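# Commentary on secondary and tertiary structure
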Amino acid sequence: MDKLLWMQCLVRAVETGSFSAVARELGIGQPNVSRHIASLEKALDTRLLHRSTRQLVPTPEGQRYYAQARQALDLIAQADADARGQEQPHGLLRVACAPTLATEKIIVALPEFLGRYPDVEVELRLGDDYIDLVAEGVDIALRGGVLKDSSLRARRVGTSERICVASERYVQKHGEPRQPADLLQHQCLIYTLMAGGGGWPFRQGEVHVQGRLRLNSLEGIRTAVLQDIGIAYLPSWTIAEQLRSGELRPLLSEHAAPRTPLNAVYAAERLLPRRAAVFIDFISAVFAATPGLDGNPIA
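In what follows, the accompanying structure is described. (Residues numbered from 1 in each chain as written. Predicted model: local features only at pLDDT ≥ 70, side-chain atom pairs only at ≥ 80, totals over all residues. Heavy atoms only, no water.)

## A closer look at the overall build of the protein chain
Broken down by element type, the protein chain carries eleven helices and 14 strands. Dimensions along the principal axes, computed over C-alpha positions, put the protein chain at roughly 70 × 40 × 30 Å. With 299 residues in all, the protein chain has 46% of them scored as buried. When contacts within the protein chain are restricted to residue pairs at least 6 apart in sequence, long-range pairs at least 24 apart make up 74% of them. (Helix = DSSP H or I, 4+ residues; strand = E, 2+ residues; numbered from the N terminus. Buried < 20%, exposed > 50% of the residue type's maximum accessible area, 1.4 Å probe, protein only. Contact = heavy atoms within 4.5 Å.)

Below is the structure:
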C-alpha cells in the first residue's frame, strides 16, 4: 500500500508541478509528499524528479515511470469503479492536438463536454509535433493521415481536405496557376512540420514547392496568405470563413488530392479509459457538424 501511495504522489506531482498541490489533494501534508517520492526514488535507485524552488521537472526515467504508473493507477481506478457499479466517467483526460484545431474547434466545445461529465478533468497539450503517447502520459492524440505506427490504434473522428488558396490581390498581381507544376513559378508558403518532406500532394502526385517564407504554424500560414505573401496549402476547415467571404480563392480544385482521415489515436497496449471513449464520441459529433471536417466540400 505504501508503494501505491508513493506512485500516486509521483503521478500527481508530475501533473500538477507542485508538492503543495498534491498535499492538498491527498490530505497528507507537503513534507509527506516529498518523503514518499524520495522513498520511491530510493526503492528504484534512480532520480525521478528534478526539484528547484520554482518547479518540478521529471527526469527521462521519471517521465517513463510516470507514464506507466499512471496507466497502473488508471487500471486500479477502473477496477474499483466497475466493482462499485459506477459507470460515470471520471479522472484526468490528457489530449494532444494541433493548436489551431484545439483553439478553434475543441476548446469552444468543451463547456458542453465538461458539463455533461462533471467528474472528468481535461488537459490539452497543444503542438504540431508528434509525441510518444506512452512516454508523455497522453491518453489521446488527434492526428491526420493514415496510421502507420503499429503500437497505436485509431478511430476516425472526421475527414479533412487540404486545398491551395491565395488572396485575390495575389492572384491579380501574379496570376493563377492552372496546373500543379505551375506552383514552381510562384511564392508558396512552406509549412515546415508537414509530413512527407514538404511536398504538396495532388491527384497526379506531389509537387515540391518553393517559397521565401517558412512557418511551423498553420495559423501563421493562414495569416500570411491573407497578407498576399504567397500561395498556401491549408486544411479547408481553417479557412472556411475566408472562402465563403471571397477573401481567399481556391486554386487547382480539379487536381485536389483525396481527403485524409482525422483520427483519435491511442496506445494499443493500454486500456482505453471510459473518459477517453466518451471524449472520442463527443468530438466525433462536433466534427460531424463542422464544415471541412464533416466529409463535405466547403461551399
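Next comes the rest of the write-up.
## Details of the sheet that holds strand E13 (residues 248-251)
Spatially, three strands are ordered E12-E7-E13 in an open sheet, and the strand pairing comes out antiparallel. Two strands lie at the open edges of the sheet, namely strand E12 (232-235) and E13, each paired on one side alone. When the angles between neighbouring strand axes are averaged without regard to direction, this sheet yields 50°. Examined bridge by bridge, strand E7 (residues 162-167) and E12 share four bridges and lie antiparallel to one another. Paired with Cys164 across the bridge in E12 is Tyr233. Contacts from helix H9 (residues 218-226) reach E7, E12 and E13 within the one sheet, and its direction differs from that of E12 by about 130°. (Pairing = 2+ DSSP bridges. Axes fitted to C-alpha atoms, helices over the stretch in contact; angles between N-to-C directions.)

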